[in-house]
Amino acid sequence: MLLFVAGVAGFATLILEVLGVHWLAPWFGTSALVWANQIGIVLAAMALGGWAGAIQTRRVSDCTSSAGRLLSIAGVLILLSVWALPSLFVWVLPEDLRLEEAARIFFQGSLSASLLFLAPPVFLLAMISPLLVEARAKERSPGQAAGELAACGTLGSLLGVFGGSFFAIPVVGVRETLLFTAILLIFVGSWLARSRKALPVSAVALALFFLP
């Protein structure tokens, strides 16, 4: 079970990283500046999340349930972002944008969007890894637990990279893939935490999935 959760977290993280630029493209384009902003923010969020997760292992009695709650919250944040981002940036970006202002606004805008919409769920997903290691170390040695979870997380990341690049973007669509990822995180998180509180949110996510 924990190995599957590690794979899901790795999958979701790379989906956000790969699709993030395409998600922001209608407002900020896909220049090297936008890519650098997003990759840098995602990596920083992963580093901070891993550190925070290590601290969290000392503060909670049930690491498995805590990891489930983090998964569900990350899914809710993605769900809210998919809904809020278009309205926000249509309102924020000026209609009469001058050419000399474009580079600055695209740089600042993509940086702000990455901080607001990508960093929080990636941060939470990165927190999960230490919690899973702590939980699995009760059945395995710490080294074996960390290695197995890292392997499954990497496999999930590979699925996110190739699935996002070769299937999600050209076939499914960026918005639909992000909604699917949010639904997956909410369901897996509520199952792992043995909680039914996230199920109504999942129903909302499913409704949004089928909206145009």
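Please refer to the structure higher up on the page.
Worth saying up front: this structure is predicted, and the values here are computed from it rather than measured.

Description of the overall build of the protein chain
So, step 1. Helices and strands together make up the secondary structure of the protein chain, namely seven helices and zero strands.
So, step 2. Each helix (α) and strand (β) of the protein chain, taken in turn from the N terminus, gives the series α-α-α-α-α-α-α.
So, step 3. Within the protein chain, the proportion of its 212 residues that are buried is 47%.
So, step 4. Looking at the protein chain alone, contacts between residues at least 24 apart form 83% of all its contacts between residues at least 6 apart.
So, step 5. As presented, the protein chain carries roughly 10700 Å² of accessible surface, and 70% of it is formed by carbon and sulfur atoms.

Points about the nonpolar core
So, step 1. Grouped together as the largest cluster of nonpolar side chains are 51 residues, with contacts concentrated most on Trp23, Leu125, Leu132, Leu178 and Leu185.
So, step 2. Only helix H1 (2–28), helix H2 (32–56), helix H3 (63–92), helix H4 (99–136) and helix H6 (174–192) provide two or more residues apiece to this core.
So, step 3. When residues in this core are grouped by element, the largest group, 17 residues, is from H1.

Focus on the packing of aromatic side chains
So, step 1. The tally for this structure, following the rule as stated, stands at three aromatic pairs.
So, step 2. Pairing Phe162 with Phe166 gives two aromatic rings, centres 6.0 Å apart and planes at 15 degrees, and the pair type is stacked. On the criterion of helical spacing, the pair formed by Phe162 and Phe166 is a turn pair, its members being four residues apart in helix H5 (residues 142–172).
So, step 3. The class for Phe162 is partly exposed, based on a relative accessible area of 49%.
So, step 4. Look at Phe166 and you get exposed, because its relative accessible area is 61%.

Criteria and thresholds
Residues numbered from 1 in each chain as written. Predicted model: local features only at pLDDT ≥ 70, side-chain atom pairs only at ≥ 80, totals over all residues. Heavy atoms only, no water. Helix = DSSP H or I, 4+ residues; strand = E, 2+ residues; numbered from the N terminus. Buried < 20%, exposed > 50% of the residue type's maximum accessible area, 1.4 Å probe, protein only. Contact = heavy atoms within 4.5 Å. Areas by Shrake-Rupley, 256 points an atom, 1.4 Å probe, with all protein chains shown as cover. Core = buried A, V, L, I, M, F, W, Y, C linked by side-chain atoms within 4.5 Å. Phe/Tyr/Trp six-rings, centres within 6.5 Å; stacked < 30°, edge-to-face > 60°.

Everything listed is a geometric property; what it means functionally is a separate question.
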